[in-house]
Amino acid sequence: MGHIRLMDEPLSNKIAAGEVVERPASVVKELVENAIDAGSTSIDIYLEEAGLQTIHITDNGSGMDEEDAILSFSRHATSKIANEYDLFRIRTLGFRGEALASIASVSKVALWTSDGSTTGTSIEIEGSHVKKQQAGALRKGTDIKVSQLFFNTPARLKYMKTIQTELGHIIDLINRLALCYPSIAFKLSHGEQVLLHTNGRGDLQQVIAAIYGMAIAKKMIPFEGESSDYRIHGYASLPEITRASKNYLTLFVNGRWVKHYSVQQSIVNAYHTFLPIERYPLVILNIVGDPYLTDVNVHPSKQHIRLSKEKELQQLVEDTIRNTIRSLMRAPEIAEKP
Ligand code: ADP
Ligand code: MG
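Cut-offs applied
- Residues numbered from 1 in each chain as written.
- Chains lettered and ligands numbered in written order.
- Predicted model: local features only at pLDDT ≥ 70, side-chain atom pairs only at ≥ 80, totals over all residues.
- Pairing = 2+ DSSP bridges.
- Helix = DSSP H or I, 4+ residues; strand = E, 2+ residues; numbered from the N terminus.
- Buried ≥ 20, exposed ≤ 12 C-beta atoms within 10 Å, placed from the backbone.
- Arc of directions from axis to C-beta.
- Axes fitted to C-alpha atoms, helices over the stretch in contact; angles between N-to-C directions.
- Parallel < 35°, antiparallel > 145°, perpendicular 65-115°, else oblique.
- Left-handed = near helix turned anticlockwise from the far one by under 90°.
- Contact = placed C-beta atoms within 7 Å.
- Domains from an automatic or database assignment.
- Nonpolar A, V, L, I, M, F, W, Y, C, P; charged D, E, K, R; others polar.
- Near = placed C-beta within 6 Å.

Visitor: Please provide a residue-by-residue account of the pairing of strand E9 (residues 220-226), values included.
Guide: Here 7 bridges tie E9 to strand E10 (residues 230-237), and the two strands are oriented antiparallel to one another. Directly across from Glu226, in E10, lies its bridge partner Arg231. If you look at the hairpin formed by E9 and E10, you'll find 3 residues sitting between the two strands.

Visitor: Give me the lowdown on helix H10 (residues 261-270), citing residues and values where you can.
Guide: Of the residues making up H10, those classed as buried are Val263, Gln264, Ser266, Ile267 and Ala270. One side of H10 carries all its buried residues, which in axial view fall inside an arc of 150°. Across H10 from its buried face, at more than 90 degrees, point the exposed residues Tyr261 and Ser262.

Visitor: Residue-level account of the environment of Tyr159, with values.
Guide: Structurally, Tyr159 can be placed in helix H6 (residues 154-159). Put simply, Tyr159 and Val28 are 131 residues apart on the chain and 18 Å apart in space, counted from C-alpha to C-alpha.

Visitor: Lay out the packing of helix H2 (residues 24-37) against helix H7 (residues 163-180) in plain terms, naming residues and giving numbers.
Guide: In contact at an axis separation of 8 Å, H2 and H7 are set at 25° when each is read in the N-to-C sense. Between H2 and H7, the crossing angle belongs to the class labelled roughly parallel. Where H2 crosses over H7, the two elements pack in a sense that is right-handed. The segment H2 lies against H7, with Pro24, Ala25, Val28, Lys29 and Val32 engaging Glu166, His169, Ile170, Leu173 and Leu177.

Visitor: Could you give an account of the domain arrangement of the protein chain, with specific residues and numbers?
Guide: You can read the domains of the protein chain as domain 1 (9-197) and domain 2 (219-335). A C-alpha centroid distance of 29 Å is found between domain 1 and domain 2. Facing 13 residues of domain 1, the contacting portion of domain 2 comprises 11 residues. Put simply, the parts of the chain that give the side of domain 1 that touches domain 2 at least two residues each are helix H1 (9-20) and H7. Among the elements that take part in the side of domain 1 that touches domain 2, H7 stands out by supplying 4 residues, more than any other. Tallied by class, the residues present in the side of domain 1 that touches domain 2 amount to 8 nonpolar, no polar and 5 charged.

Visitor: Please give an account of the pairing of strand E13 (residues 283-289) that cites residues and values.
Guide: Pairing of E10 with E13 involves 7 bridges; the strand directions are antiparallel. Residue Gly234 lies in a different strand from E13, and its bridge partner there is Leu285. Where strand E11 (residues 249-253) lies against E13, 5 bridges are found, and the strand directions are parallel. By the bridge assignment, Phe252 is partnered in E13 with Asn286.

Visitor: How would you summarise the site of ligand 1 if you had to cite specific residues and measurements?
Guide: What surrounds ligand 1 is a group of 22 residues, the closest being Asn34, Ser72, Thr78, Gly94 and Ala99. Counting residues per element, the ones that place at least two in the shell around ligand 1 are H2 and helix H5 (99-105). Ranked by residue count, the leading element in the shell around ligand 1 is H2, at 3 residues. Of the residues assigned to the shell around ligand 1, the class counts are 7 nonpolar, 10 polar and 5 charged.

Visitor: Break down the sheet that holds E10 for me, citing the residues and quoting the values.
Guide: Spatial strand order, E9-E10-E13-E11-E12: 5 strands in an open sheet with mixed pairing. Edge strands, defined here as strands with exactly one partner in the open sheet, are E9 and strand E12 (256-258). Sheet twist, expressed as the average angle between the axes of neighbouring strands with direction ignored, equals 20°. Direction of pairing for E11 relative to E12: antiparallel, over a ladder of 3 bridges. Its bridge partner being in E12, Val253 is matched across the sheet by Arg256. Packed on one face of the sheet, helix H11 (residues 310-330) meets E9, E10 and E13 and runs near 40° to E10.

This is how it looks when you write it as structure tokens:
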């Protein structure tokens, strides 16, 4: 008689949640990414106690019909990939089909959603158990409310840092997503306090102003460049503005905020001789390439990726940004432009 048995789904969801749901910011990330993937142009994020008490996200995206709404909380349920071919050509932020199942296993979740064609669906889930569902007239889009995060995983709850630290992670995340998606209107509130509100008009410089302030935005210069496999565009600060950390270097690959050491290093190299030692610029860098060149299936958080033709990309980034700064140094009157 063997000793091995298959886990039931609530148990395996909780184990997956250990990786996917590290802290409130991870929940916010997964839910906002879902809203982006659903084609939303307006995403509202409301928090209480830095998300530990409440994370309430409202979007105006595609919504779901009743069948999908129920299925969306099952592990490995996704509308984003269907086969191995798709896995290597991912165009959406999600694809693992794990987030909702994981989040629902460590919190209390309420969902209201409508795809606009049928009556809406409303679901309540506590610890992976669907408690209630009813239909009613709803507008198109999705509302999802996550309450009492980690209520059933006391060790994880204990590990949480202060409200200020947890909130800081969420603000940082939403700032970056807003920088990547200037055509989406983001609103982030903590209780009564509105922490960020972007207008969704597609103007990246306006988003930079909303996050870093108008004075900085005026000192950020647009750039763009192309190689045979990649296209890049974004904004780079004039050398007169510097920061003590690399935290102000924001990299996006095909609409995904990523951490990529060697490409980041190319940005730093572009500024070499223009900046004092240990000082760094502010740069928003969008990288666009065939999804086939990027492997995002490296870590559950999907923040680390592997890139093919990395050397080519590094050269493109370094040359484009360096030439942009150089041309400004040669023509100081442009740099003075208000
Ligand atoms: P993934 O995003 O990896 O597919 P999730 O668990 O995050 O997995 O979501 C499961 C599915 O639920 C998604 O594939 C999508 O079809 C649907 N979904 C989740 N959130 C939304 C939303 N805000 N709007 C529309 N559909 C959604
Ligand atoms: Mg998702």
